[in-house]
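Coordinates in review
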Amino acid sequence: QVQLVESGGGLVQAGGSLRLSCAASGSIRSINAMGWYRQAPGKQRELVATSTSGGSTNYADSVKGRFTISRNNAKNTMYLQMNSLKPEDTAVYYCNADVKVSRGFGYYTGDYWGQGTQVTVSP
């Protein structure tokens, strides 16, 4: 089994910055694609940023130029640097990873989610 734990959320004024971390643990053979999602009250969960195993990154139009996704494969950790935060960025942020999980002498693939971390941006 794999667990993802987010940290770094909090309350910040508009224009400020936060750095979110997501640490993966468990029987991890390798981590493929990773991403950050967010969900505001009454809204659907939406994609914020992704990072593929090949190093390619993609961002939602609303965060381009302000957010940066990165990963440290040696530490099984990924990050989301958020700059120039706006009130509309307020949401619970979730990390997600597609993981090859060890099972006996083999493995299986699974899609895992963290518990979420609250980001609140005041005007």
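Read on for a plain summary of the structure. (Residues numbered from 1 in each chain as written. Predicted model: local features only at pLDDT ≥ 70, side-chain atom pairs only at ≥ 80, totals over all residues. Heavy atoms only, no water.)

For the rest of this paragraph, the subject is the pairing of strand 3 (residues 18-26). Taken together, the 6 bridges between strand 1 (residues 2-7) and strand 3 define a ladder with antiparallel strand orientation. For Leu 4, the partnering residue across the bridge sits in strand 3 and is Ala 24. As judged from the 6 bridges shared by strand 3 and strand 8 (residues 77-82), these two strands associate in the antiparallel manner. Looking across to strand 8, one finds that Leu 18 is bridged to Met 82. (Pairing = 2+ DSSP bridges. Helix = DSSP H or I, 4+ residues; strand = E, 2+ residues; numbered from the N terminus.)

Before going further, it helps to examine the state of the cysteines. Applying the stated rule across the entire model yields 1 disulfide. A sulfur-sulfur separation of 2.0 Å characterises the disulfide bridge that pairs Cys 22 with Cys 95. Disulfide Cys 22 to Cys 95: torsion about the S-S bond roughly 55 degrees, handedness right-handed. Here Cys 22, found in strand 3, pairs with Cys 95, found in strand 9 (residues 91-103); they are 73 residues apart in sequence, far enough to count as distant. Since its relative accessible area comes to 0%, Cys 95 is described here as buried. (Disulfide = S-S within 2.5 Å. Buried < 20%, exposed > 50% of the residue type's maximum accessible area, 1.4 Å probe, protein only.)

Purely spatial values, then, with no claim about function.
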